[in-house]
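Read off the chains here:
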Amino acid sequence: MNTLENSYLEKVTRRHFFGECGVGVGKIALASLLCGSGSRAWSAGQGGTMDPLAAREPHFAPRAKRVIHLFMAGAPSQLDLFDYKPELAKLEGKPLPPSVIGGQRYAFIRPDAAVLGPQYRFSKHGQSGAELSEMLPHLAKVVDDICIVKSVTTDQFNHAPAQIFFNTGFSQPGRPSMGSWALYGLGAETQDLPAFVVMSTGAGISGGSACWGSGFLPTVYTGVRFRNQGDPILDVTSPVGVDARLQRETLDLVKGMNERRLKGEGDPEIATRIAQYEMAFRLQTSAPELMDLKSEGKETLELYGCDPEKPSFARACLLARRMIERGVRYVNIYHEGWDAHSNVAGNLKSNCGATDQGAAALVMDLQRRGLLDDTLVIWGGEFGRTPMVETNPLLGRAQGRDHHPQAFTMWMAGGGIKRGITYGATDEMGFHVVDKPVHVHDLQATILHLLGMDHERLTYRFAGRDFRLTDVHGKVIRDILA
Amino acid sequence: MRAAVSLLSSVLLAGSTVFAAQSPAPAAGAVPDYQHEVRPLLSQFCFKCHGPDEKTRKGDLRLDVREAALSKGKSGERAVVPGKPGESELVKRILSHDPEEVMPPPSAKKEMRADQVEVLKRWVEGGAPYAPHWAFVAPQKAGGYAGNGGAREAIDFFIRERLKAEGLVPAPEADRYTLIRRVSYDLTGLPPTAEEADAFANDPAADAYEKLVDRLLASPQYGERWARKWLDLARYADTNGYEKDRPRTIWPWRDWVIEAINADMPFDRFTIEQLAGDMLPGATPSQIIATGFHRNTMLNEEGGIDPLEFRFHALADRVATTGKTWLGLTTGCAQCHTHKYDPITHREYYQMMAFFNNADEPDFLVRPPDFETRRAEVEAQIAQKTVELRTKFKPQAPEAGPVAGRSGEESEEVRREATVARAFSSWLEQERKVARPWTVLRPQEARANLPVLTVQPDGSVLASGDQTKADVYWLKYPLPAGKITAVRLDVLPDERLPAGGPGRAYYEGPKGDFNLSDLRASVGGVAVKFSGGTHSFAAKNTSAAAAIDDNLQSGWGTNGAQGQAHSAVFRFESPVEGGRLLDLEMHFERHYSADLGRFRIAVTSDSGECIARSVPVEIDALLLKAENALAPEERETLFREFLLRTPELEAQRTQIDRLRKSLTSYPATLVFSERPKEFPRPTHVHHRGEFLQPAEEVQPGVFSFLNPLPSGERGDRLAFARWLVSRENPLTARVTVNRAWAAFFGRGLVRTVDDFGYQGEMPTHPALLDWLAVDFMERGWSMKGLHKELVMSKTYRQSSSRMGVAQKGAERDPQNLLCSRGPRVRLESEMIRDGLLKMAGVLSLKMGGPSVFPPQPEGVMEAAYGKPSWKTSDGESRYRRGLYTYSKRTAPYAMLATFDGPAGDVCVAQREVSDTPLQALTMLNDVVVVEAAQGLGRLVAAMTGSEEERLEWLFKTCLGRPMAQDDLTMLQRFLAEQRRRLETGELDAAALAGKGPGDVKQRALWTSLVRAIFNFDESIMKG
């Protein structure tokens, strides 16, 4: 059993046997989690009580307390944004040698498709001299604050499996996502907002809710979606006709009845329910307060370039900052739409137009508020795009790029990551990683590490086995740690 | 007492076994029990490197088998020397402080506690006895129960015996109101009405409870409730999963489950029909539909996936789900390597996969039982309507002048016939110009890269089996003599194909589509070129010409004309000499699998222009016959063809088209179909479990540590299904009984309901579990019988309160593992929803059929791929039971998911039970709850009687019990306050009450109270 489990086990068992159970608030039956038995049979009224979201000590001192993951779903073209390959321009129109391609399977193109040169101009920026394409003018301003990793590789070459893989370490739905693991390991720091929040802009997400699901971990670790339509959190608004006073009086009646029930039945689970209702009531206030951007200055809104009333990626970035200020531990912002099978140039223009300013503003804003030091920001997609062109008259496609799992680029900032460096490299065609490969499992190990957790010790017993985010893989990328 | 408490706490800490079975507490100094104390430790700390998996075994040492543990290891030392811990390497190593020596090694990041080390040491001291794993030995009725009161009595015997040993007493029976609510939810998923509760509470009959149980077991809602549990295991959903997550039709299987459970189909038959119903002799449609169980796997339709890779994932899911559902084993662990803990080898995992790997996965049309009669009727109607078509022609105008030999005063009938005759002959004339003499060829050889091609009696070829994104067919046809000028390809519909064919596209693209990317020919071994292609129909962006352009990205397809025959004609650049062999190579490429399902080849030596037409070759042959050589029935055939094809009657034929469609518009559900014997699909071991790394081939086989397949039995899926439910199988009955126990009591006798292996927990009451398992089999695997026994037991009927006599048990055993009190569990999501609807008087009891779209908050679907809309159903469909709610895997129905309902991604043996603020928000604010509150508010407002009487009824309706004085006081205070606020207009009565008849303030008042009651803890608890 890992020591993390041990320490809270002891705490909880002591608490339980010294009669504390059932009187505190926010306690939830969590026998299996605590015992590591992995049985999903734990349930209400069955004993060992403790708040699964209570803040817990990490394995070691963390560098990051919070994570904001900007997930560029659909997979942006690294070759036109970060990984400049002049050789491709020279080879344009010719196929790559089969020796380069190996046995790679493709989604749409044939392996002998011709090369497509960079679609945009690149130039060097900042003191670090990092190369960025002209599509990322805002990111260029914070380039010395970020770490660009050009050597990321993944196992999956289709969107849904690759997105699920990036989030859960496994290509099929059913495993916990990184945010869920983070909450399982560390608990929450706020009682007024969900500790793991998911927002999205752009198209619908290929991987669906499996990307932020809690898998076999308790449901309480599932990411909570903040929606663009209707209530930001499902049902956070009282029904029409129910004013604040009626809501409060309703809750008071519920509480009164439940307290009497607790006395009569003696089931500590009732105390948990009372606490959850109180938190629900607080959410009804804290969620609208969070969403209300009136208190943000004009300068800030301009920095992000967002309309406070209209859902957008930039607004989601600003909301993310407000969330972490209020104790939210893990934020996912999905922007789906980078799947440029045709007209990669046009695709980048519109998606960079929608995301570049918001992402860069987030880094700047966190920086100036002193939050970047212990907030990890991650930007990237689920895989890369091919150096070869995708053309298909049957599908009406031209000048696109297909899926490319071998190499892609991500950037990270803050939270214990070195600033102003570029890590790893690909070959002249941008096809294979030739220097310092970073597998998705390595990134996952690194993210947990920055949060103060050893990815090999953060385990959960399910179906007879101790599961980890990184399965049996993953190495912390020490070279990029500050 | 002290000993027991410390055992309990240490057990909680160890997290593996809870309450050593049978013996309350080990006597100090006794040899630790292998099964309960030793193996859990060995399993947790040692087996990963010294267990069944020889590939990762270190130092050649194996500790899960006694002989191996006792023999000399690689180091020359013996790990275990019975009775001599000092000489045992195992003991030395776990005691060592040297990081080079100590076990488990520091790299394992698992440290043993001193008390755990002590257990192993004492075990070696005591002679290191091993014992076979309890779950792998067939169960027996033993343990001292000798009564003849049946399972219910046995349950109470074993439970109470154990309680007595622990110094605990059972709780008294719950009061009648609690009991009827508990058993109604458990058996039917629905609460009793206030009237039902009163009737039961006041029933003086001695067998009142049993009568109630029998009534509930006989109600159709029982089947719905228990089908839902089975759907969790089967990972049922109404969509395909992954990115596109498009709809699928498999609800006929869901309805099959409901019916089977209501009919109390014995669990062994229930198993066999679902796993291998298609293989039963003379399989009925119902038995074929049953095989949908394993078609609930997900289907990835994302652009550009490899269909075979996701087929492999589906197979792995089938093995894992079968393991979990029937065997209670975590078979999935052996996909990548030999199981680290259980004796399942890597190879045996694939042997189990082989049982499932030999099935094809077609759609099956669910036709009514009288389909054949109906078909005959429709065919007759079509024939009749066709004949009648001739009457649709306009009669020739009389003023057209006298016809030769006639007076000019013909009847309308005769004048119409004249029109018909003229139209027919002009059609004949037209058609004869383009008809060509075609010779249908029969292939002498038909093979493909992967699909199975079989030649049909009419010379056509039918494809079945697996597909890739680049399929190739190779066909050899003997050519007739003469100069062959063109090849004709007829693509044919067939009801065995997706959407009726002619193509076999089944995912991502339109069902029944195909793409002939390239057609290549050689004659007598020499390649010949085509110079032109025509088609009778082509889908957008496709053409027959594109099928001979040497570009594999273009081609010909007939999407949009599924279920219809079409043709393409390809002319040779120059005529080829017949009498030799024609080799055809057909390529089918797209970003999805798009090969052809059924087709036929014909050739001609006609030297004229050949244009592809949809008119069949047989008709062409008649058209080319001399008028006087036509037999009357041949002429009739031509005439019928004319009627069905002449453009003049286009509009008149719609009725016929409609009739024809009525024969194909049945739902197609997903099923299994065992492959033909000649075309078995080989199964391989996959290195590291990876699709792209197949290794040696394996034959189907069962796990060697369990009972063998009966000798002489063919190793197929049917044999496997029978093996699962054979009396010798030690696991299936235990696992099934345990899952039922967990459903009623909130947790199983084995808490790890899905793991009966070494890593699973020991049963709290092993003798009881075994007794029930054997009894279950002896009583013909009756699920209803089992459920009845469980709910009839005194153990089930106990009060669930932790106060009073139960206090001691609650303190000592908070999880109620010993069953010293009744179950208290949160209701499942569907129970909560259905219960509220029932209370509001709007629940629909309509059974079966396509899933429905009840209201849910907007924005649930916004993150799903393609942002699909949720078209909320109208009327009754808003209020169907929760199990009929459309289940979309990537965006599950919000309320069900919030209360831990599964998404259908994986097999779920027992749902999580969580308690979150989001649940509180749902109960307070969700549209379904609000509508139900308004509905029930309306009912109460419309009642006659005093406020107190209404409160009494409302309380009982919602919470199933009479109101206490304290309750009344609190509710009345709330009501008074809301009444005041409504009177003053502070509260918006119309908004609160919603639409509906009756006094709006009264409705608003009661709605506000109902909404509060719905949120009481006891409203969503089974107490």
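Since the structure is predicted, the reported quantities are computational estimates derived from the model, not experimental observations.

S.K.: Could you give an account of the overall build of chain A, naming the residues involved and the relevant values?
M.R.: If you tally the helices and strands in chain A, you get 14 helices and 19 strands. When contacts within chain A are restricted to residue pairs at least 6 apart in sequence, long-range pairs at least 24 apart make up 74% of them.

S.K.: Quick one: what's the story with the overall build of chain B, residue by residue and with numbers?
M.R.: Scanning chain B for helices and strands turns up 35 helices and 20 strands. Its C-alpha atoms put chain B at 120 × 90 × 55 Å along the principal axes. Across the 1023 residues of chain B, 52% fall into the buried class. A sequence separation of at least 24 residues applies to 70% of the contacts in chain B between residues at least 6 apart.

S.K.: An account of the nonpolar core is requested, with residue identities and associated values reported.
M.R.: Residues Cys317 and Met412 of chain A are the most contacted members of the largest nonpolar core, which totals 260 residues. Ranked by residues supplied to this core, first place goes to helix α10 (residues 268–291) of chain A with 11 residues. Formed by 120 residues, the second largest nonpolar core is a distinct cluster that contains Ile344, Phe356, Trp781 and Leu790 of chain B.

S.K.: Break down the sheet that holds strand β9 (residues 516–523) of chain B for me, citing the residues and quoting the values.
M.R.: Residues and elements named next belong to chain B. Here we have 5 strands laid out as an open sheet, ordered β4-β7-β13-β9-β10, and antiparallel in their pairing. With partners counted over all chains shown, the strands left at the sheet margins are β4 (445–448) and β10 (526–528), one partner each. Direction aside, the axes of adjacent strands within the sheet are offset by 20 degrees on average.

S.K.: Requested: an account of the confidence of the model for chain A, with residues and values cited.
M.R.: Across chain A, pLDDT averages 88, with 90% of residues at or above 70. Throughout residues 1–49 of chain A the model reports pLDDT below 50, and contacts reaching past four residues in sequence, or to other chains, amount to 126 contacts.

S.K.: Break down the environment of Val257 of chain B for me, citing the residues and quoting the values.
M.R.: Take Val257 of chain B: it is sitting in helix α12 (residues 251–262). With 18 residues separating them in the primary sequence, Val257 of chain B and Leu275 of chain B have C-alpha atoms 13 Å apart.

S.K.: So what about the interface of chain A and chain B? Which residues, and what values?
M.R.: The partner chain B presents 95 residues to the 87 residues of chain A that form the contact. With 12 residues, the top contributor of residues to the side of chain A that touches chain B is helix α9 (residues 244–265) of chain A. Its residues assigned to classes, the side of chain A that touches chain B comprises 35 nonpolar, 35 polar and 17 charged.

S.K.: Pulling in residues and values, what's your account of the pairing of strand β12 (residues 566–577) of chain B?
M.R.: All names here are of chain B. Alignment of strand β8 (residues 483–491) against β12, held across 8 bridges, turns out to be antiparallel. Its bridge partner being in β12, Asp490 is matched across the sheet by Ser567. Where strand β11 (residues 530–535) meets β12, 5 bridges bridge the pair, whose relative direction is antiparallel. Residue pairing in the sheet places Phe530 in a bridge with Phe572 of β12.

S.K.: Explain unusual backbone geometry residue by residue, including any values.
M.R.: Excluding glycine, residues mostly have negative phi values, and the peptide bonds linking residues are mostly trans. Cis geometry is found at the peptide bond from Met103 of chain B to Pro104 of chain B, where omega equals -10 degrees. Summarising the element assignment, Pro104 of chain B is placed in the loop between α5 (89–95) and α6 (114–125). In this structure, Pro502 of chain B follows Gly501 of chain B across a cis peptide bond, with omega equal to 5 degrees. If you trace the backbone, Pro502 of chain B turns up in the loop between β8 and β9. One non-glycine residue, Lys436 of chain A, lies in positive phi territory at about 50 degrees. In this fold, Lys436 of chain A is placed in the loop between β16 (433–435) and β17 (438–439).

S.K.: Describe the packing of helix α10 (residues 208–218) of chain B against helix α25 (residues 783–792) of chain B, listing the residues and the values that go with them.
M.R.: All names here are of chain B. Put simply, α10 and α25 touch, their axes get as near as 11 Å, and they point 150 degrees apart. Between α10 and α25 lies a crossing of right-handed hand. On α25, the residues that touch Glu210, Val213 and Leu217 of α10 are Lys784, His787, Lys788, Val791 and Met792.

S.K.: Which residues make up helix α8 (residues 176–188) of chain B, and what are the values?
M.R.: Residues and elements named next belong to chain B. Taking 1.5 Å as the rise per residue, α8 with 13 residues should run 18 Å; its terminal C-alpha atoms sit 17 Å apart, in good agreement. Across the 13 residues of α8, 12 count as buried, placing the element largely inside the fold. Residues of α8 that are buried include every one of Tyr177, Thr178, Leu179, Ile180, Arg181, Arg182, Val183, Ser184, Tyr185, Asp186, Leu187 and Thr188, and no others. After α8 finishes, the residue Gly189 shows a positive phi value of roughly 75 degrees.

S.K.: How would you summarise the packing of α9 of chain A against α10 of chain A if you had to cite specific residues and measurements?
M.R.: All names here are of chain A. Closest axis-to-axis distance for the α9/α10 pair is 9 Å, and the angle between their directions is 165 degrees. When the axis of α9 is compared with that of α10, the two are roughly antiparallel. Read as a crossing pair, α9 and α10 show a hand that is left-handed. On the side of α9, the interface is formed by Leu251, Val254, Lys255, Asn258, Glu259, Arg261, Leu262 and Glu265, while α10 contributes Ile270, Ala271, Arg273, Ile274, Tyr277 and Phe281. Residue composition of the contact of α9 with α10, by class: 8 nonpolar, 1 polar and 5 charged.

S.K.: So what's going on with the environment of Gly804 of chain B? Which residues, and what values?
M.R.: Residue and element names in this part refer to chain B. Here Gly804 shows up in the loop between α26 (794–797) and α27 (807–812). Assessed through the 13 C-beta atoms surrounding it within 10 Å, Gly804 is described here as partly exposed. Between the alpha carbons of Gly804 and Lys867 there is a distance of 55 Å; along the sequence they are 63 residues apart.

S.K.: Talk me through helix α14 (residues 440–450) of chain A; I want residue IDs and the actual numbers.
M.R.: Residues and elements named next belong to chain A. Burial analysis of α14 places 11 of its 11 residues in the buried class, the great majority of the element. Along α14, the positions that sit buried rather than exposed are Val440, His441, Asp442, Leu443, Gln444, Ala445, Thr446, Ile447, Leu448, His449 and Leu450. Tucked into the core, α14 has its buried residues touching β3 (66–71), β6 (146–153), α7 (159–168), α8 (178–186), β10 (375–380) and β17. Two residues or fewer after α14 comes Gly452, characterised by a positive phi angle close to 90 degrees.

S.K.: Residue-level account of the confidence of the model for chain B, with values.
M.R.: Residue and element names in this part refer to chain B. Summary statistics for chain B give a mean pLDDT of 91 and a share of 96% for residues scoring 70 or more. Note on residues 1–26: pLDDT under 50 across the span, and 47 contacts to partners over four residues away in sequence or across chains. As scored by the predictor, the complex reaches a pTM of 0.89 and an ipTM of 0.87.

S.K.: Describe the environment of Tyr34 of chain B, listing the residues and the values that go with them.
M.R.: Summarising the element assignment, Tyr34 of chain B is placed in helix α2 (residues 34–45). For the pair Tyr34 of chain B and Tyr130 of chain B, spaced 96 residues apart in the sequence, the C-alpha separation amounts to 5.8 Å.

About the cut-offs
- All residue numbers refer to positions counted from 1 along the written sequence of the respective chain.
- Chain A is the first chain written and ligand 1 is the first ligand written, with later ones labelled in order.
- In keeping with the predicted nature of the model, local features appear solely for residues at pLDDT of at least 70, side-chain atom pairs appear and are counted solely at 80 or more, and the whole-chain, interface and lining totals rest on all residues.
- Segments assigned H or I by DSSP are reported as helices when at least four residues long, segments assigned E as strands when at least two residues long, and all are numbered from the N terminus.
- What counts as a contact here is a pair of residues whose C-beta atoms, placed from the backbone, lie within 7 Å.
- Counting other C-beta atoms within 10 Å of a residue's C-beta gives its exposure: the residue is buried at 20 or more, exposed at 12 or fewer, and partly exposed in between, where C-beta atoms are placed from the backbone.
- To count as a nonpolar core, a set of buried Ala, Val, Leu, Ile, Met, Phe, Trp, Tyr and Cys residues must be joined through C-beta atoms within 7 Å.
- Any two strands between which DSSP finds at least two bridges are classified as paired.
- Think of each axis as a best-fit line through the C-alpha atoms, taken over the contacting stretch in the case of a helix, with angles from 0 to 180 degrees between the N-to-C directions.
- The predictor attaches a confidence to each residue, called pLDDT, with possible values from 0 through 100.
- Any residue that is not Ala, Val, Leu, Ile, Met, Phe, Trp, Tyr, Cys, Pro, Asp, Glu, Lys or Arg is counted as polar, Gly included; the first ten are nonpolar and the last four charged.
- Each helix crossing is assigned a hand: it is left-handed if the near helix lies turned anticlockwise from the far helix by less than a right angle, otherwise right-handed if that turn is clockwise.
- An expected span of 1.5 Å times one less than the residue number is assigned to each helix.
- Any angle that is under 35 degrees is reported as roughly parallel, and any over 145 degrees as roughly antiparallel; angles of 65 to 115 degrees are reported as roughly perpendicular and all others as oblique.

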